[in-house]
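# A closer look at the structure
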Amino acid sequence: MLNHKNPPPASVALYWDFENLHASLSEERLGEGSYNKPDGRFKLQEPLIDVQAIMNLAASLGPLSINRAYCNWQFFGRYREALLQGSVELVQLFPPGASAKNGADIRLCLDAFEDMGRFEHIGTIVIVGGDSDFMPLAQKIKAAGRTLVGVGDRKSTNVHWARSCHAFHYYETLTGAPQPLP
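The structure displayed is predicted, hence computed values, not measured ones.

Time to look at the sheet that holds strand 3 (residues 89–92). Within the open sheet, the 6 strands sit side by side as 3-2-1-4-5-6. Their pairing is parallel. Edge positions in the sheet fall to strand 3 and strand 6 (167–170), since each of these pairs with one other strand and no more. Shown here is a sheet whose adjacent strand axes are inclined to one another by a mean of 20°, direction ignored. In this sheet, strand 3 lies alongside strand 2 (residues 64–71) in parallel orientation, the contact comprising 4 bridges. Bridge pairing in strand 3 links Arg68 to Glu89.

Rendered as structure tokens:
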């Protein structure tokens, strides 16, 4: 029998700008600008993201109701097992041109805003990505009374985006990667 006096805990929606985080980690490993070269971006990518570390953070915030990642998945097949284990919904984005930017950002923002309006049980929204493009979404999430948690890598996350979140976690902290000295 359901107890209607105690509402269920607020759910968590997790949205990944997957290629954004991967590109940042790739450039950290191979040098700045290396990922955006055609021979760096348009090839099968080595797995660099610890998907489970981010999933653990999201799970610590409440029950996960949405887990959606945006990317041009044709080059990310080596993440298959980790993404399947995490029950991540993959949103395929084919870029309209070689220099296409912000497609994932725009789609992610639209979906998060729409989901926030459709699903009242979502109390916390987690955005994985370091772009300042997410700042208008942060304002809408806060205005709706929801909690915003951001995740991004330390080197390329926009400081204003990080500060616009209720809480922000650097990817390197989640994975236990060595931290640079201040």
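Here the narrative resumes.
With 16 residues, helix 5 (residues 103–118) ought to run about 22 Å at 1.5 Å a step, and its terminal C-alpha atoms sit 22 Å apart, in line with that. Looking at helix 5, one finds that the buried residues are Ala104, Asp105, Leu108, Cys109, Asp111, Ala112, Asp115 and Met116. Contacts made by the buried residues of helix 5 are with strand 1 (11–17), strand 2, strand 4 (122–128) and helix 6 (135–143).

In this section: the state of the cysteines. Considering all chains together, one arrives at 0 disulfides under this definition. You can see Cys71 has no disulfide; the closest cysteine sulfur is in Cys109, sitting 16 Å from it. Residue class for Cys71 comes out buried when judged on its relative accessible area of 2%. Considering cysteine sulfurs only, Cys165 is the nearest to Cys109, which forms no disulfide, with 12 Å between them.

A few words on the packing of aromatic side chains. What the rule picks out here adds up to 9 aromatic pairs. Considering the side-chain rings of Phe18 and Tyr79, the 4.8 Å spacing of their centres and the 90° angle between planes classify their relative orientation as edge-to-face. Residue Phe18 is found in helix 1 (residues 18–30), and its partner Tyr79 is found in the loop between strand 2 and helix 4 (80–85); the two are separated by 61 residues along the sequence. Residue Phe18 is classed as buried on the basis of its relative accessible area of 0%. Overall, the relative accessible area of 2% leaves Tyr79 in the buried class. A centroid spacing of 5.5 Å and a plane angle of 55° characterise the contact between Phe134 and Trp161, whose relative ring orientation is tilted. Of this pair, Phe134 sits in the loop between strand 4 and helix 6 while Trp161 is found in helix 7 (residues 159–164), placing the two residues 27 residues apart along the sequence. Looking at Phe134, the relative accessible area reads 0%, which means it is buried.

The rules we used
- Residues numbered from 1 in each chain as written.
- Predicted model: local features only at pLDDT ≥ 70, side-chain atom pairs only at ≥ 80, totals over all residues.
- Heavy atoms only, no water.
- Pairing = 2+ DSSP bridges.
- Helix = DSSP H or I, 4+ residues; strand = E, 2+ residues; numbered from the N terminus.
- Axes fitted to C-alpha atoms, helices over the stretch in contact; angles between N-to-C directions.
- Expected span 1.5 Å × (residues − 1).
- Buried < 20%, exposed > 50% of the residue type's maximum accessible area, 1.4 Å probe, protein only.
- Contact = heavy atoms within 4.5 Å.
- Disulfide = S-S within 2.5 Å.
- Phe/Tyr/Trp six-rings, centres within 6.5 Å; stacked < 30°, edge-to-face > 60°.

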